[in-house]
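A closer look at the structure
Each chain is listed here by its residues.
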Amino acid sequence: MSNAGAPSTGAGQTGSTFTPVPPPPTPGTTAPAPSTTTTTTAPPSNQNLNQIVTDYLIKRGYTRTEEAFRKEIAGGPAKSEEDENKRLKPDKYVAAFEHLVKWVDNSLDLYKFELGKVLWPVFVYSYLDLVKFEYKLRAESFMLQYKERFENVRADEVNSLKLVKTPKQLEENPVARLYLRNKYKIPLNKFSTGNLFNFLERDSEECGNIVTYILGTFCDVESIERGPIEPFSFEAIYRRARNLELDDVDAQEGIPGIPAAGAVTLNKEILENGNNAALKLGLLPMEPELRGDVLAELEDEDKQNPPPDGTRSLVDEFNLMHPIKKEAGDSPQRTDIPYPPSRARDIVMEIQKVRENRDRFKIEGRSGGVGPAVTVCMYTFHNSLGGYSCMDFSKDQKLVAVGTTESYIRVWTLDGSPLKSQLPNEQNLKVNNRKLIGHSGPIYSVAFSDATKNLDKNIFEDGPKVDTDAKLLISCSYDGQIRLWSLETWTCLCVYKGHYGPIMKLAWGPHGHYFATGGWDKTVRVWSQDRVSYVRLMVGHDTPISALCWHPNGAYLFSASDEADKTIRMWSVSSGNCVRIFTGHTDYISTMEASPNGKILASADTGGNIMLWDIAKGERIKRMRGHGRNGIWSISFNVESNTLVSGGADMTVRVWDIEMPAEGTRTAVQAEGGDGAVVASGSGAGTDGKAAATTTQGATSGTGTTGTGKKKGKEVMITPDQISCFPTKRTTVHKVMFTRMNLVMAGGCYEPEQR
């Protein structure tokens, strides 16, 4: 039996003499000559060893392993590992975010608001990681799939981030750079924090690993001692009752340099500054070329038709309307908001506006309760059956449009004349009303573009006469769409989409081209005619928008919010920032209007209150009362900004003295039901502004009242600044409007008595 440890006999062995066999030659080297002396062989170098392994893998046919080995030698990832990442990693990010969204949406309402704070940073850093690892197509589809969830409050950031397509752009894009160089702070109460991390641990396979990695790497989750923050939570009610803001830690949410979504920091900054942000409330300077053209035409008009004695010339009137200021510090600049260049139509409209302003019926200030002889022209719509939801008159007093709950709009001529049409097949069509169909839900607001009465002559001898009728109508609806309608072809020109949910209010800007909308999604958006997407987004209200209006210089917007908010906010159109907050209403704010001089804001609510606000100071001037409950639906200032007209559900049109201070009240009895049964008239007021109550018995409604007057009624408090009251015959007033000639136009729907 041979010894296992002894060398076996081989080819190099003869007798008892052992001759060692040399090792096989290394590829690329010469085999050493046999030697009988013992020599020390140097270990192969790394390069030689790598070559040996590579040759072995090729010889054995392991081509994929050989390729991976070569990449490992070169310092790159193995192909198999890269393929594995491409196959799993993008899908893991998408699946994790989708799972997190479902969990947050299904959470208790008490915690949903705060847990929702996590979604935005997880969305951002998931997208940036996908871009970083060069999953371009998956990153684009991820952004497209989930961006709508955040666009309503973070439109600017979303629009910036979606431009990032390559790893190089991560450093070039300013928003992406801020997110990657700073940790995103997320303040959560301890209960929400506990729920979040319990979920991530429980569902680690579905999304916990990815979300935990993002929160740990890119975010700073801070657990704080407080109750959950939600609009109707105990914590929110407690703080609101004591006029407290949220914790200071909430102001630090997000990334330095990028404000957090919502109104927390915005409200705090504005209120801490005492509503002292600098404002420019002066008129917008007229375009120099337009000013020169208008002045030249007015000079010719004055030469051809000299004004009567005691009447200003058109040139003098124009200079009073548009003075040239040496220092325009109180006026916005035309470069702040871009407008399209003026056209021939603008020249004609400005000429007509000057003429109307000079020849208007002038209303003197400080009436002392003895009102000026304001004339109200009332238009009543019969057989509407409660289907009319909104109304507007064109500025040239030729057209009226109503929006209905049945999803269509109807436009009439006020004098019954045929409507104009530019369509060739409708040249001989003689109809005084048209129906506009396109919306798929109730219409909430309609508005005509600017218009004036046509001049009686053509000032452009080498061209056709310019028509200054209303050309466009905009509307908004429950369906979340804004539609731009042509009043020449009676078709929809454009559909604007951007709001999430119903759109409640809209208004044309004072200089045309731009219009604003306010929606159920708590946002205000500014649009232009030449762009399908909005150009400015204002976020800050806590509840849906209920009223909207422009400042006369076009540089500011006012919006009001309903339900729990009940605040009025003033926004800078050029920057999108909130510059004023007005608080004081306790009922649903239904309508607003800014005075033509740009100094006063009037707002009305469903409680029958009209508030006047000093815009510059951000303070309330006074409250005017006289309307019954159920709402004031429309208000309007006269040209001199010293008189206000209002109309509402109590079936009256009322005229108010703006300059008279509110001193005391007087009382009138209103029948139960609030249908404007008995109203008080201010025409009997004395010059001292304190009047005894007088009632107009002819306005008594048949709803629940008897000839004996035994029906128990409600007292309506009337402030002495009410000048006069015009009761209607069971017609609720949807719209009131002071024209440029200081004529009041009003419209409403007749409501037959229910027997």
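Calculation criteria
Residues numbered from 1 in each chain as written. Predicted model: local features only at pLDDT ≥ 70, side-chain atom pairs only at ≥ 80, totals over all residues. Heavy atoms only, no water. UniProt positions renumbered as here; feature names shortened; annotations may be inferred. Helix = DSSP H or I, 4+ residues; strand = E, 2+ residues; numbered from the N terminus. Buried < 20%, exposed > 50% of the residue type's maximum accessible area, 1.4 Å probe, protein only. Core = buried A, V, L, I, M, F, W, Y, C linked by side-chain atoms within 4.5 Å. Contact = heavy atoms within 4.5 Å. Pairing = 2+ DSSP bridges. Axes fitted to C-alpha atoms, helices over the stretch in contact; angles between N-to-C directions. Salt bridge = Lys/Arg side-chain N within 4 Å of Asp/Glu carboxyl O. Phe/Tyr/Trp six-rings, centres within 6.5 Å; stacked < 30°, edge-to-face > 60°. Lys NZ or Arg CZ within 6 Å of the ring centre and 35° of its normal. pLDDT = per-residue confidence, 0-100.

Under an unreviewed UniProt entry, the protein has the name TFIID subunit TAF5 NTD2 domain-containing protein and belongs to Pestalotiopsis fici. Database annotation for the protein, UniProt heading Sequence similarities (unreviewed entry): "Belongs to the WD repeat TAF5 family."

**Some thoughts on the UniProt feature "repeat: WD" (unreviewed entry) in the protein**
Under the local residue numbering, the UniProt record ascribes the feature "repeat: WD" (unreviewed entry) to residues 469-489, 496-528, 538-581, 582-623 and 632-659. This span, residues 496-528, is 0% helix and 61% strand, and a straight line between its end C-alpha atoms measures 10 Å. Helix makes up 0% of residues 632-659 and strand 64%, and the two end C-alpha atoms of the span are 21 Å apart.

**What about unusual backbone geometry?**
Unusually for a residue other than glycine, W490 sits at a positive phi of about 55 degrees. Structurally, the position occupied by W490 is in the loop between strand 12 (481-486) and strand 13 (492-497). On the accessibility criterion, W490 (9% relative accessible area) is buried.

**Here's the deal with the nonpolar core**
Counting residues in each nonpolar core, the largest one holds 48 residues, and the members touching the most others are L100, W120, F123, Y125, L128, Y179 and L215. Examining the composition of this core, we find that ten residues originate from one element, helix 5 (residues 119-132), more than from any other. With near-sequence residues (within four places) excluded, F123 lies in contact with F97, F142, M143, Y146, K147 and F150.

**Quick look at the sheet that holds strand 20 (residues 567-572)**
Pairing between the strands of a sheet comes from backbone hydrogen bonds, and it takes one of two forms, parallel or antiparallel. On the basis of which strands lie adjacent, the open sheet formed by four strands has the order 18-19-20-21 and antiparallel pairing. Two strands lie at the open edges of the sheet, namely strand 18 (545-550) and strand 21 (578-583), each paired on one side alone. Taking each pair of neighbouring strands and ignoring which way they run, the sheet shows an average axis angle of 20 degrees. As paired elements, strand 18 and strand 19 (residues 556-561) share five bridges and run antiparallel to each other. Among the inter-strand pairings, A547 is bridged to a residue of strand 19, identified as A560.

**Section: the pattern of salt bridges**
Throughout the structure, instances matching the rule amount to 25 salt bridges. Here E172 makes a salt bridge to K168, at a shortest N to O gap of 4.0 Å. In this pair, E172 and K168 are both assigned in helix 8 (residues 167-172), four residues apart and thus about one turn of the helix distant. On the basis of relative accessible area, E172 is assigned to the partly exposed category, the value being 47%. A salt bridge links R358 to D359, with the nearest nitrogen and oxygen atoms 3.1 Å apart. Since its relative accessible area comes to 16%, R358 is described here as buried. What makes D359 partly exposed here is its relative accessible area of 39%. A single network of salt bridges, built from pairs that share partners, joins K398, K420, D467, D469, K471 and E488.

**Observations regarding the packing of aromatic side chains**
All chains considered together, the criterion is met by 28 aromatic pairs. Ring geometry for F123 and F142: centres 5.4 Å apart, planes at 25 degrees, overall stacked. You can see F123 sitting in helix 5 and its partner F142 sitting in helix 6 (residues 136-146), a full 19 residues away along the chain. One exposure class covers both F123 and F142, and it is buried. Look at F123 and F150: their rings are 4.9 Å apart centre to centre, the planes differ by 35 degrees, and that puts the pair in the tilted class. Of the two residues, F123 is situated in helix 5 and F150 in helix 7 (residues 148-161); the sequence distance between them amounts to 27 residues. With respect to class, F123 is no different from F150; both count as buried. Taken together through their ring pairs, the aromatic side chains of F97, W120, F123, Y125, F142, Y146, F150, Y179, Y184, Y213 and F218 make up a single cluster. A cation over a ring is seen here: R525 above Y534, with NZ or CZ 4.7 Å from the ring centre.

**Some points on the confidence of the model for the protein**
Looking at the protein, pLDDT values average 79 and 74% of them are 70 or higher. Across residues 1-41, confidence stays below pLDDT 50; counting only partners more than four residues off in sequence or on other chains, it has four contacts. Per-residue pLDDT stays below 50 along residues 242-249; that stretch engages in 17 contacts with residues further than four places along the chain or on separate chains.

**Structural notes on the environment of F381**
By secondary structure assignment, the location of F381 is in strand 5 (residues 376-381). Distance in space between the C-alpha atoms of F381 and G748 is 6.1 Å, their sequence separation being 367 residues. The contact partners of F381, leaving out residues within four places of it in the chain, are Y388, M391, V400, V402, W412, G748, C749 and Y750.

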